[in-house]
Amino acid sequence: MALNNFYRINLPYGIKRNRNGHWAAFNREYKPLGNNDPFEHIGQEEFIHINYGKLSDRFSMDLADDPTAIQMDENNIITKVFLYDDATNPSNHLKN
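Analysis parameters
- Residues numbered from 1 in each chain as written.
- Predicted model: local features only at pLDDT ≥ 70, side-chain atom pairs only at ≥ 80, totals over all residues.
- Heavy atoms only, no water.
- Helix = DSSP H or I, 4+ residues; strand = E, 2+ residues; numbered from the N terminus.
- Rg over C-alpha atoms; globule rule 2.2 N^0.38 Å.
- Buried < 20%, exposed > 50% of the residue type's maximum accessible area, 1.4 Å probe, protein only.
- Core = buried A, V, L, I, M, F, W, Y, C linked by side-chain atoms within 4.5 Å.
- Contact = heavy atoms within 4.5 Å.
- Polar contact = N/O pair within 3.5 Å; in protein donor to acceptor, adjacent residues only side chain to side chain.
- Phe/Tyr/Trp six-rings, centres within 6.5 Å; stacked < 30°, edge-to-face > 60°.
- Lys NZ or Arg CZ within 6 Å of the ring centre and 35° of its normal.

1. Quick word on the overall build of the protein chain
Then step 1. Along the protein chain, the regular secondary structure elements total two helices and four strands.
Then step 2. Relative to the 2.2 N^0.38 estimate, which gives 12 Å for 96 residues, the radius of gyration of the protein chain is 14 Å and therefore close to what a compact globule would have.
Then step 3. In terms of principal-axis extent, the alpha carbons of the protein chain reach across some 40 × 30 × 20 Å.
Then step 4. For the protein chain, buried positions account for 30% of its 96 residues.

2. Structural notes on the nonpolar core
Side chains of a nonpolar character, in soluble globular proteins, are inclined to be buried together.
Then step 1. Ranked by internal contacts, the top residues of the largest apolar core, which has 15 residues, are W23 and V81.
Then step 2. Within the residue set of this core, elements represented by two or more residues are β2 (23-26) and β4 (78-82).
Then step 3. With residues up to four places along the chain from it excluded, the contact list for V81 reads Y13, G14, I15, W23, F26, S60, L63, A64, A69 and I70.

3. Focus on the environment of E29
Then step 1. With respect to the element layout, E29 can be found in the loop between β2 and α2 (57-63).
Then step 2. A residue is classified by how much of its surface remains accessible, and E29, at 23% relative accessible area, is partly exposed.
Then step 3. Distance from E29 to R8, taken between C-alpha atoms, is 7.5 Å for residues 21 residues apart in sequence.
Then step 4. Side chain to side chain, E29 and R8 meet in a polar contact 2.9 Å long.

4. Focus on the packing of aromatic side chains
By convention here, two paired aromatic rings are described through the distance between centres and the angle between planes.
Then step 1. Taken as a whole and assessed by the stated rule, the structure comprises eight aromatic pairs.
Then step 2. Here the aromatic rings of Y13 and F82 are separated by 5.4 Å at their centres, their planes lie at 65°, and the arrangement is edge-to-face. Here Y13 is found in the loop between α1 (6-10) and β1 (14-17), whereas its partner F82 is found in strand β4, with 69 residues between them in sequence.
Then step 3. Residue F82 is classed as buried on the basis of its relative accessible area, which comes to 10%.
Then step 4. Three or more aromatic residues link up through ring pairs in this structure, and these residues are Y13, F26, Y30, F82 and Y84.
Then step 5. Between the NZ or CZ atom of K16 and the centre of the ring of F47, over which it lies, the distance is 3.7 Å.
Then step 6. Directly above the ring of Y13 sits R28, whose terminal nitrogen or CZ lies 4.4 Å from the centroid.

This is the structure:
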C-alpha cells in the first residue's frame, strides 16, 4: 500500500547528517522526499545529501521543533533534526 498524503510524502519532516557532514531531508516515513512506498527499504545512498558547509549547532537548534527534537551522536555532534511534530505539523494549519 503506497502512501497518498501529499504532505506526508513531500514535506520535510527533518534533516539528517551523514558521516561526511552533508545533510539530507527526509519525510514522515524517514524516506527521501517524494518516496511514497512504505515497504521499500531505503539505504543511505538513496538520499540526496547536500554540503551546506558547516551548519552551526545554534542554527540546527533553531531549525528544530524544540530542544528534544535534536539527536546527537556519542561525540555530541548533531546528527538529526526534526522540524515539527504532530502538534506543530504545518499541514494541520492549511486553509482550504
